[in-house]
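If you want the building blocks of each chain, they are given just below.
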Amino acid sequence: MESYRLQDAVSRGLGRAALRLGESYDAYRPADPFAPITPRSFFLRLDVAFHGEDQTWNRSARYGVPVWFGVYDSAYTQVGDYLVGPLGTFFIAAQPPLLPPVCVQTNRVLSVVRPSGAPSAGLNPYGGVTAGSETVLLRDWPASVLAGGAGRGVGELPGETAAGRWVVLLPALRGDRNVVLRPHDILTDETGAISTITEAEYTALGWRLNVTQAQV
(Lines give C-alpha, C1' and ligand atoms only; values in the text may rest on other atoms or scores of the structure.)
Protein backbone atom coordinates (compact mmCIF):
# COMPACT_ATOMS: atom_id res chain seq x y z
CA MET A 1 0.00 0.00 0.00
CA GLU A 2 1.31 3.48 -0.88
CA SER A 3 2.42 5.49 2.13
CA TYR A 4 -0.10 8.27 1.54
CA ARG A 5 -2.97 5.77 1.49
CA LEU A 6 -1.72 4.20 4.71
CA GLN A 7 -1.44 7.61 6.33
CA ASP A 8 -4.98 8.46 5.22
CA ALA A 9 -6.24 5.24 6.80
CA VAL A 10 -4.44 6.04 10.07
CA SER A 11 -5.90 9.55 10.13
CA ARG A 12 -9.41 8.26 9.51
CA GLY A 13 -8.96 5.66 12.26
CA LEU A 14 -7.88 8.33 14.74
CA GLY A 15 -10.89 10.40 13.73
CA ARG A 16 -13.28 7.51 14.33
CA ALA A 17 -11.74 6.87 17.75
CA ALA A 18 -12.14 10.54 18.63
CA LEU A 19 -15.86 10.36 17.81
CA ARG A 20 -16.22 7.82 20.64
CA LEU A 21 -13.59 9.02 23.10
CA GLY A 22 -13.16 12.73 22.46
CA GLU A 23 -14.82 16.08 22.96
CA SER A 24 -15.37 19.02 20.64
CA TYR A 25 -12.40 21.33 20.05
CA ASP A 26 -11.96 24.46 17.96
CA ALA A 27 -8.92 24.53 15.66
CA TYR A 28 -7.04 27.75 14.88
CA ARG A 29 -4.29 28.30 12.32
CA PRO A 30 -1.97 31.29 12.95
CA ALA A 31 -1.52 33.45 9.88
CA ASP A 32 0.86 36.02 11.40
CA PRO A 33 2.71 36.66 14.67
CA PHE A 34 -0.20 38.49 16.31
CA ALA A 35 -2.93 36.87 18.43
CA PRO A 36 -3.23 33.41 16.84
CA ILE A 37 -6.52 32.53 18.54
CA THR A 38 -9.08 34.87 17.02
CA PRO A 39 -12.23 34.38 14.92
CA ARG A 40 -10.25 35.10 11.76
CA SER A 41 -7.86 32.19 12.42
CA PHE A 42 -10.59 29.67 13.31
CA PHE A 43 -10.97 27.05 10.58
CA LEU A 44 -12.46 23.85 11.99
CA ARG A 45 -14.35 22.18 14.84
CA LEU A 46 -13.44 18.54 15.42
CA ASP A 47 -13.58 15.79 18.05
CA VAL A 48 -10.32 15.35 19.96
CA ALA A 49 -9.08 13.07 22.74
CA PHE A 50 -5.69 13.15 24.47
CA HIS A 51 -3.60 10.54 26.25
CA GLY A 52 -0.19 10.63 27.95
CA GLU A 53 2.76 8.37 27.30
CA ASP A 54 0.61 5.38 28.30
CA GLN A 55 -1.42 4.61 25.20
CA THR A 56 -3.63 2.16 27.12
CA TRP A 57 -5.45 5.13 28.73
CA ASN A 58 -4.65 3.81 32.22
CA ARG A 59 -2.59 6.82 33.31
CA SER A 60 -2.54 10.52 32.57
CA ALA A 61 0.54 12.54 31.65
CA ARG A 62 3.22 12.88 34.34
CA TYR A 63 3.48 15.97 36.53
CA GLY A 64 5.43 18.73 34.84
CA VAL A 65 5.14 17.14 31.38
CA PRO A 66 3.00 19.24 29.02
CA VAL A 67 3.28 16.78 26.10
CA TRP A 68 0.14 14.85 25.17
CA PHE A 69 -0.71 12.64 22.22
CA GLY A 70 -3.75 13.63 20.21
CA VAL A 71 -6.44 11.33 18.92
CA TYR A 72 -8.25 13.10 16.06
CA ASP A 73 -8.39 13.09 12.28
CA SER A 74 -5.01 14.65 11.52
CA ALA A 75 -5.78 14.96 7.80
CA TYR A 76 -7.42 18.32 8.56
CA THR A 77 -4.70 19.84 10.74
CA GLN A 78 -1.04 20.74 10.50
CA VAL A 79 1.91 21.48 12.76
CA GLY A 80 1.52 24.82 14.52
CA ASP A 81 -2.28 24.75 14.72
CA TYR A 82 -3.94 25.39 18.09
CA LEU A 83 -6.72 23.24 19.57
CA VAL A 84 -8.99 24.87 22.16
CA GLY A 85 -11.52 22.86 24.14
CA PRO A 86 -12.58 21.40 27.50
CA LEU A 87 -9.05 20.47 28.66
CA GLY A 88 -7.55 23.82 27.70
CA THR A 89 -5.42 25.10 24.85
CA PHE A 90 -2.91 22.90 23.01
CA PHE A 91 -0.62 23.47 20.05
CA ILE A 92 0.28 20.74 17.59
CA ALA A 93 4.04 20.22 17.85
CA ALA A 94 4.36 17.33 15.38
CA GLN A 95 2.30 15.00 13.23
CA PRO A 96 4.72 12.11 12.57
CA PRO A 97 3.73 9.69 9.81
CA LEU A 98 1.60 6.74 10.96
CA LEU A 99 1.72 7.89 14.61
CA PRO A 100 -0.56 9.96 16.85
CA PRO A 101 0.07 13.72 16.72
CA VAL A 102 2.22 15.28 19.44
CA CYS A 103 0.50 18.16 21.23
CA VAL A 104 1.67 20.55 23.95
CA GLN A 105 -0.72 21.84 26.61
CA THR A 106 -0.31 25.56 27.28
CA ASN A 107 -0.68 27.44 30.56
CA ARG A 108 0.42 30.99 29.75
CA VAL A 109 -0.11 33.60 27.05
CA LEU A 110 3.13 35.29 25.98
CA SER A 111 4.25 38.30 24.01
CA VAL A 112 7.86 38.63 22.82
CA VAL A 113 9.66 41.85 21.97
CA ARG A 114 13.21 42.65 20.90
CA PRO A 115 14.89 45.73 22.38
CA SER A 116 16.79 47.90 19.94
CA GLY A 117 20.47 48.80 20.26
CA ALA A 118 22.04 52.21 20.43
CA PRO A 119 20.73 54.40 17.57
CA SER A 120 24.13 55.95 16.78
CA ALA A 121 27.81 55.82 17.64
CA GLY A 122 29.10 57.76 20.59
CA LEU A 123 26.89 59.35 23.22
CA ASN A 124 23.22 58.40 23.11
CA PRO A 125 20.14 59.22 25.16
CA TYR A 126 18.77 56.85 27.80
CA GLY A 127 19.74 53.31 26.78
CA GLY A 128 17.23 51.27 28.76
CA VAL A 129 14.39 49.31 27.23
CA THR A 130 11.32 51.40 26.49
CA ALA A 131 8.10 50.62 24.66
CA GLY A 132 9.10 52.90 21.80
CA SER A 133 12.42 51.12 21.27
CA GLU A 134 10.99 47.58 21.10
CA THR A 135 10.14 45.47 18.06
CA VAL A 136 7.15 43.16 18.66
CA LEU A 137 7.95 39.61 17.52
CA LEU A 138 4.96 37.70 18.91
CA ARG A 139 1.81 38.94 20.59
CA ASP A 140 -0.58 36.90 22.78
CA TRP A 141 0.71 33.41 21.93
CA PRO A 142 -0.38 30.53 24.20
CA ALA A 143 2.71 28.67 25.40
CA SER A 144 3.85 26.08 27.92
CA VAL A 145 5.84 27.68 30.74
CA LEU A 146 7.28 25.31 33.37
CA ALA A 147 9.80 25.80 36.16
CA GLY A 148 13.33 25.15 34.96
CA GLY A 149 15.57 25.58 38.02
CA ALA A 150 16.30 27.82 40.98
CA GLY A 151 18.02 30.61 39.06
CA ARG A 152 20.89 32.59 40.52
CA GLY A 153 21.79 32.29 44.19
CA VAL A 154 19.80 33.82 47.01
CA GLY A 155 20.84 37.34 47.93
CA GLU A 156 22.39 38.46 51.22
CA LEU A 157 19.33 40.32 52.51
CA PRO A 158 16.57 38.42 54.38
CA GLY A 159 13.68 37.67 52.06
CA GLU A 160 15.73 38.32 48.92
CA THR A 161 14.78 35.48 46.59
CA ALA A 162 16.50 34.09 43.54
CA ALA A 163 15.37 35.05 40.07
CA GLY A 164 13.07 32.41 38.62
CA ARG A 165 13.95 30.30 35.61
CA TRP A 166 11.52 28.62 33.23
CA VAL A 167 11.45 26.44 30.15
CA VAL A 168 9.10 27.77 27.48
CA LEU A 169 7.67 25.76 24.58
CA LEU A 170 6.19 27.64 21.63
CA PRO A 171 5.10 26.58 18.16
CA ALA A 172 6.92 28.00 15.17
CA LEU A 173 5.29 29.91 12.34
CA ARG A 174 5.94 28.09 9.11
CA GLY A 175 7.38 29.29 5.82
CA ASP A 176 8.37 32.89 5.21
CA ARG A 177 6.32 34.07 8.22
CA ASN A 178 8.56 32.30 10.73
CA VAL A 179 9.88 34.44 13.57
CA VAL A 180 13.44 33.86 14.79
CA LEU A 181 13.80 34.18 18.57
CA ARG A 182 17.16 35.04 20.13
CA PRO A 183 18.80 35.41 23.55
CA HIS A 184 18.01 38.79 25.18
CA ASP A 185 14.52 38.94 23.62
CA ILE A 186 12.00 39.88 26.32
CA LEU A 187 8.89 37.88 27.23
CA THR A 188 5.81 39.18 29.02
CA ASP A 189 2.92 36.97 30.09
CA GLU A 190 -0.73 37.80 30.76
CA THR A 191 0.02 38.40 34.46
CA GLY A 192 2.62 41.07 33.65
CA ALA A 193 5.63 38.92 34.62
CA ILE A 194 8.72 39.81 32.59
CA SER A 195 11.57 37.47 31.67
CA THR A 196 14.51 37.38 29.28
CA ILE A 197 15.48 34.60 26.89
CA THR A 198 18.87 33.17 27.81
CA GLU A 199 18.88 30.29 25.31
CA ALA A 200 16.75 29.74 22.21
CA GLU A 201 16.62 26.35 20.53
CA TYR A 202 14.69 25.76 17.30
CA THR A 203 13.66 22.11 17.11
CA ALA A 204 11.45 19.91 14.96
CA LEU A 205 8.76 20.42 17.61
CA GLY A 206 8.99 24.22 17.64
CA TRP A 207 10.84 26.62 19.95
CA ARG A 208 12.31 25.56 23.30
CA LEU A 209 13.46 28.55 25.32
CA ASN A 210 15.30 28.90 28.61
CA VAL A 211 14.23 32.17 30.24
CA THR A 212 15.18 34.03 33.41
CA GLN A 213 13.03 36.39 35.43
CA ALA A 214 13.91 39.96 34.59
CA GLN A 215 11.77 41.82 37.10
CA VAL A 216 11.51 40.67 40.73
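Summarised in this report is the structure supplied together with it. (Residues numbered from 1 in each chain as written. Predicted model: local features only at pLDDT ≥ 70, side-chain atom pairs only at ≥ 80, totals over all residues. Heavy atoms only, no water.)

Moving on: the sheet that holds strand S12 (residues 206–213). With antiparallel pairing, six strands are arranged side by side around a closed barrel as S7-S8-S9-S12-S11-S10. For this sheet, the mean inter-axis angle between neighbouring strands, taken without regard to orientation, is 45°. In this sheet, S12 lies alongside strand S11 (residues 194–203) in antiparallel orientation, the contact comprising eight bridges. Paired with tyrosine 202 across the strands is tryptophan 207, a residue of S12. (Pairing = 2+ DSSP bridges. Helix = DSSP H or I, 4+ residues; strand = E, 2+ residues; numbered from the N terminus. Axes fitted to C-alpha atoms, helices over the stretch in contact; angles between N-to-C directions.)

Once that is clear, we can look at the pairing of strand S7 (residues 108–115). Both S7 and strand S8 (residues 134–147) contribute to a ladder of seven bridges, which runs antiparallel. Across the sheet, residue leucine 110 finds its bridge partner in S8, namely tryptophan 141. Bridge count for S7 against strand S10 (residues 186–189) is four bridges, and the pairing is antiparallel. Across the sheet, the residue bridging to leucine 110 is aspartate 189, located in S10.

Ranked by size, the top nonpolar core spans 26 residues in total, and within it Leu138, Val168, Leu170, Leu181, Leu187 and Leu209 carry the most contacts. At the level of secondary structure, the elements contributing two or more residues to this core comprise strand S5 (88–94), strand S6 (102–105), S7, S8, strand S9 (165–170) and S12. Per element, the largest residue contribution to this core is five residues, and it comes from S8. The next biggest cluster of nonpolar side chains, apart from the first, holds 11 residues, and it includes Ala27, Leu46, Tyr72 and Leu83. (Core = buried A, V, L, I, M, F, W, Y, C linked by side-chain atoms within 4.5 Å. Buried < 20%, exposed > 50% of the residue type's maximum accessible area, 1.4 Å probe, protein only.)

By the element assignment, serine 11 lies in helix H1 (residues 3–21). Residues in contact with serine 11, not counting those within four places in the same chain, are Tyr72, Asp73, Ser74 and Ala75. (Contact = heavy atoms within 4.5 Å.)

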